[in-house]
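Coordinate inspection notes
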Amino acid sequence: MKKVAVVDYGMGNLRSVTQAVMHVAADAGVDVVWARTAQEVMDAERVVLPGQGAMRDCMRELHDSGMFDAVMHAAANKPLMGVCVGMQMLLDRSDEQDTASLGLIPGKVVKFALAGQTQPDGSRYKVPQMGWNQVWQTGERRHPVWGDVPDGSYFYFVHSYYARPSDARHSVGETDYGQRFSAAIARDNIFATQFHPEKSAEHGLALYRNFLHWNP
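The following refers to the structure shown. A quick note: this is a predicted structure, and the numbers were derived from the prediction, not measured.

Quantified by volume, the largest pocket comes out at close to 430 Å³. Around the largest pocket, the lining is made up of 14 residues, and of these Glu140, Arg141, His143, Arg169 and Val172 lie nearest the centre. The calculated volume of the second largest pocket comes to roughly 170 Å³. Among the elements of the structure, helix H5 (85-88) and strand E10 (154-159) are those that each provide at least two residues to the lining of the second largest pocket. Of the residues in the lining of the second largest pocket, the class split is 5 nonpolar, 6 polar and 2 charged.

Here you go:
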């Protein structure tokens, strides 16, 4: 049976991510592993990298857990999906505590600078962005992981920092929150979202389902 590993390196919304992936894997002939060892990540056919909290903490725990090399191997050899800070970790660097990250997709992570800006209803933008927002699919071609998810669908966000890829071609989904920013990025066998698919109802589950069937 094919295996997908959800990487447990001590940071991230592991339970809800794992349960969401298990839900869509039930009819796909895929075994979901809550991976607590590097070998479980190495043995999986595809990998989900969640993340939650401060970037420096996530990077430290990835190294200290012994998962770093296994995640880098997955990123080079098999489909990998990053979620929330798991997406931000894929870029070169984060302004959050000036932290070096994985360097898999060129670019950096920056903080929202929305002081003084107001939303259409007159209220001030709050940081973190917390709640539902629309995602517009971008890129020269529609990315396969979007599948039949309608353009402009709503997904659930919780974040103060966002990804700024160096190459616009790596941005495959964008959202407006005081400015337009990348909400989904992709390169080769990597796909990642700033929003939480596991908290985004049916469209979020569809993304996990599409990832399980994606053959980059």
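This paragraph deals with helix H3 (residues 55-64). Buried within H3 are the following residues: Met55, Cys58, Met59 and Leu62. Here the buried residues of H3 occupy an arc of 95 degrees about the axis, which is enough to place them on one side. On the buried face of H3, the contacting elements are helix H4 (68-77), H5, strand E5 (93-94), strand E6 (99-100) and strand E7 (107-111). With its phi angle positive at about 80 degrees, Gly66 sits one or two positions after the end of H3.

Let us look at the side chain of Glu96. When you line up the elements, Glu96 lands in the loop between E5 and E6. The buried charged residue Glu96 lacks any salt bridge, with Lys111 as its nearest oppositely charged partner at 8.0 Å. In this structure, Glu96 is in contact with Gly53, Ala54, Met55 and Tyr161, ignoring residues within four places of it in sequence.

With the rule as written, the count across this model stands at 12 aromatic pairs. Relative to Phe181, the ring of Phe157 lies with its centre 6.2 Å away and its plane at 80 degrees, an arrangement referred to as edge-to-face. Taken together, the residues Phe157 in strand E10 and Phe181 in strand E13 (residues 180-187) connect sequence positions 24 residues apart. Of the two residues examined, Phe157 and Phe181, each falls in the buried class. On the basis of an interplanar angle of 50 degrees and a centroid distance of 5.5 Å, the ring pair of Tyr162 and Phe181 is categorised as tilted. Here the residue Tyr162 occupies a position in strand E11 (residues 161-165), and Phe181 occupies one in strand E13, the gap between them amounting to 19 residues. You'll find Tyr162 and Phe181 in the same group, each marked buried.

Definitions and limits used
- Residues numbered from 1 in each chain as written.
- Predicted model: local features only at pLDDT ≥ 70, side-chain atom pairs only at ≥ 80, totals over all residues.
- Heavy atoms only, no water.
- 1 Å grid on protein atoms, 1.4 Å probe; cavity = no way out; pocket = protein on both sides within 12 Å on 5 of 7 lines; lining within 4 Å.
- Points joined across faces, edges and corners; volume = space filled by probe spheres on them.
- Helix = DSSP H or I, 4+ residues; strand = E, 2+ residues; numbered from the N terminus.
- Nonpolar A, V, L, I, M, F, W, Y, C, P; charged D, E, K, R; others polar.
- Buried < 20%, exposed > 50% of the residue type's maximum accessible area, 1.4 Å probe, protein only.
- Arc of directions from axis to C-beta.
- Contact = heavy atoms within 4.5 Å.
- Lys, Arg positive; Asp, Glu negative; His and termini not counted.
- Salt bridge = Lys/Arg side-chain N within 4 Å of Asp/Glu carboxyl O.
- Phe/Tyr/Trp six-rings, centres within 6.5 Å; stacked < 30°, edge-to-face > 60°.

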